Amino acid sequence: MPQGVLASYKQFLPINEDTPIFTLGEGQTPLIKSRNIVKTIGCEELYFKFEGCNPTGSFKDRGMVVAVAKAVEKGIEAIACASTGNTSASAAAYGAYLGLKTTIIVPQGNVATGKLAQAIAYGAHIAMIKGNFDSALNIARELADKHPIELVNSLNPNRIEGQKTAAFEIVDEIGKAPELLYIPVGNAGNISAYWKGFKEYFELGFSTNFPELHGYQAEGASPLVTGKVFENPETVATAIRIGNPASWDNAITARDESGGLIDSVTDEEIISTYQLLAASEGVFCEPASASSLAGLIKEKKNGTDFQNKIIVCVVTGNGLKDPENAIKISPASYGEYQNDYQSVEKVLIN
Ligand SMILES: *Cc1c(COP(=O)(O)O)cnc(C)c1O
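Report on the accompanying structure. (Residues numbered from 1 in each chain as written. Predicted model: local features only at pLDDT ≥ 70, side-chain atom pairs only at ≥ 80, totals over all residues. Heavy atoms only, no water.)

## So, empty space enclosed by the protein
Thinking step 1. For the coordinates displayed, the defined rule picks out 1 cavity of 30 Å³ or more.
Thinking step 2. Of the voids in this model, the largest cavity is the one considered here, and its volume is about 290 Å³.
Thinking step 3. In terms of lining, the largest cavity is formed by 28 residues, of which the most central are Phe-59, Lys-60, Gly-186, Asn-187 and Ala-239.
Thinking step 4. Broken down by element, the lining of the largest cavity gets its largest block of residues, 3 residues, from helix α9 (residues 189-203).
Thinking step 5. The residue makeup of the lining of the largest cavity, split by class, is 11 nonpolar, 14 polar and 3 charged. (1 Å grid on protein atoms, 1.4 Å probe; cavity = no way out; pocket = protein on both sides within 12 Å on 5 of 7 lines; lining within 4 Å. Points joined across faces, edges and corners; volume = space filled by probe spheres on them. Helix = DSSP H or I, 4+ residues; strand = E, 2+ residues; numbered from the N terminus. Nonpolar A, V, L, I, M, F, W, Y, C, P; charged D, E, K, R; others polar.)

Here is the structure:
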């Protein structure tokens, strides 16, 4: 298969002869088979679609490459987005590769260090506002309305087009769609994109079944669960700290058409799952990404029987984005020892 989302999935994307084809290596991320958590869940097979392996460390790259290609095709020389961090890292990387002026608007104090470091390194113009993601998005939309700038948030339909390719990869690798797919939900573009992908693959005859989509928000930012906008969303999972999802209606459609659900997990559940996934499966994700598996674990605790099911949890972003959380949560994970063999050997019995 050719490298990158544009070249690999040309026939499924809004690409024509004027669309530039390029890649930073996005897509074809690993579908990691669970060895340990699968036993607790009691299902047939459990997989983690690890989107943290994309070039900037999150699934945003799949959609960004398409959005940026379409902007360049139109002759646009500047892109902008609001972001909780990952969209800005991705926009800044592709913007740098294509020589575009990239402006990002982020909520001050609520962007993980790694993500901010990326945007700075890639040379984006960064506006940090004293407001949350939802107000950053309003400002970004206005910028794009008033200037020749392409908005590369997931409101941009090309983002959704690129992101749907993750569903294709899952079907190709398992040989069919899983029975259940768990996914973190923030602005709700990704759950909409997966549903589009599974439906298109089905309609084209590449699969014969659909998964039920189980979307998980953080309890302190769960408007799709309560049906009400959250004016002040609050959660440790900053990537899904969103009170008024832009793709609200599409997420509800994905939920209902797939026969699934959208529910929430607490910050405690998110953090314990985040630690579990790293320590028992070797998959280090950022906190928001753990909400999918946290949701599955919650359903198991509530008594759901998963026998004979093939389940995929989407793990949306890389743990290296947010190193502070990992260290803050278990500050006493290491001891200090004298600089000699005997002292250090004691680490074995600790
Ligand atoms: C963007 C993002 C999400 C949320 O995706 P939406 O499309 O906004 O629902 C979840 N996890 C990570 C790591 C993200 O970067």
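From this point, the narrative continues.
## Some words on the packing of helix α8 (residues 165-174) against α9
Thinking step 1. The contact between α8 and α9 brings their axes to 7 Å, and the two run at 50°. Judged on the interaxial angle alone, α9 and α8 are oblique. By crossing handedness, the relation of α8 to α9 is classed as right-handed. Contacts from Ala-166, Ala-167, Phe-168, Ile-170, Val-171 and Asp-172 of α8 reach α9 at Tyr-194, Gly-197, Phe-198, Glu-200 and Tyr-201. (Axes fitted to C-alpha atoms, helices over the stretch in contact; angles between N-to-C directions. Parallel < 35°, antiparallel > 145°, perpendicular 65-115°, else oblique. Left-handed = near helix turned anticlockwise from the far one by under 90°. Contact = heavy atoms within 4.5 Å.)

## Section: the packing of aromatic side chains
In this description, a pair of aromatic rings is defined by centroid distance and the angle of the planes.
Thinking step 1. Going through the model one piece at a time under the given rule, you end up with 13 aromatic pairs.
Thinking step 2. When the centroid spacing of 6.3 Å and the interplanar angle of 55° are considered together, the rings of Tyr-9 and Phe-12 count as tilted.
Thinking step 3. Overall, the relative accessible area of 2% leaves Tyr-9 in the buried class.
Thinking step 4. For the pair Tyr-194 and Phe-198, a centre-to-centre distance of 6.3 Å together with 40° between the ring planes defines the contact as tilted. Here Phe-198 and Tyr-194 lie together in helix α9, a separation of 4 residues that amounts to about one turn. Neither Tyr-194 nor Phe-198 differs from the other in exposure class; each is buried. (Phe/Tyr/Trp six-rings, centres within 6.5 Å; stacked < 30°, edge-to-face > 60°. Buried < 20%, exposed > 50% of the residue type's maximum accessible area, 1.4 Å probe, protein only.)

## Considerations on the site of the ligand
Thinking step 1. Near the ligand, the surroundings consist of 16 residues, among which Lys-60, Asn-86, Asn-187, Ala-188 and Thr-316 are the closest.
Thinking step 2. Taking Asn-187, its main chain carries an N or O atom lying 2.8 Å from an oxygen atom of the ligand.
Thinking step 3. Here an oxygen atom of the ligand sits 2.8 Å away from a polar atom, N or O, in the main chain of Asn-190.
Thinking step 4. Compared with its free state, where it exposes 380 Å², the ligand has 97% of that area covered by protein.
Thinking step 5. Comparing atom positions with the cavity grids shows the ligand to sit within the largest cavity.
Thinking step 6. The residue inventory of the shell around the ligand, partitioned by class, reads 6 nonpolar, 8 polar and 2 charged. (Near = heavy atom within 4 Å. Polar contact = N/O pair within 3.5 Å; in protein donor to acceptor, adjacent residues only side chain to side chain. Areas by Shrake-Rupley, 256 points an atom, 1.4 Å probe, with all protein chains shown as cover. Sits in = over half its atoms within 2 Å of the grid points.)

## Things to note about helix α11 (residues 248-258)
Thinking step 1. Those residues of α11 not exposed but buried are Trp-248, Ala-251, Ala-254 and Ser-258. Buried residues in α11, looked at end-on, bunch into an arc of 130°, giving them a common side.
Thinking step 2. Residues of α11 that are buried make contact with α9, β8 (212-218), α10 (223-226) and β9 (261-265).
Thinking step 3. Immediately beyond the C-terminal end of α11, within one or two residues, lies Gly-259, with a positive phi of roughly 70°. (Arc of directions from axis to C-beta.)

## Examining the sheet that holds strand β2 (residues 45-50)
Thinking step 1. If you trace the 6 strands from one edge of the open sheet to the other, you get β1-β2-β10-β7-β8-β9, paired in mixed fashion. Sheet topology places β1 (31-33) and β9 at the edges, where each strand pairs with a single neighbour. The sheet shows a mean angle of 25° between the axes of neighbouring strands, taken without regard to direction.
Thinking step 2. Bridge count for strand β7 (residues 180-184) against β8 is 5 bridges, and the pairing is parallel. For Tyr-182, the partnering residue across the bridge sits in β8 and is His-214. (Pairing = 2+ DSSP bridges.)

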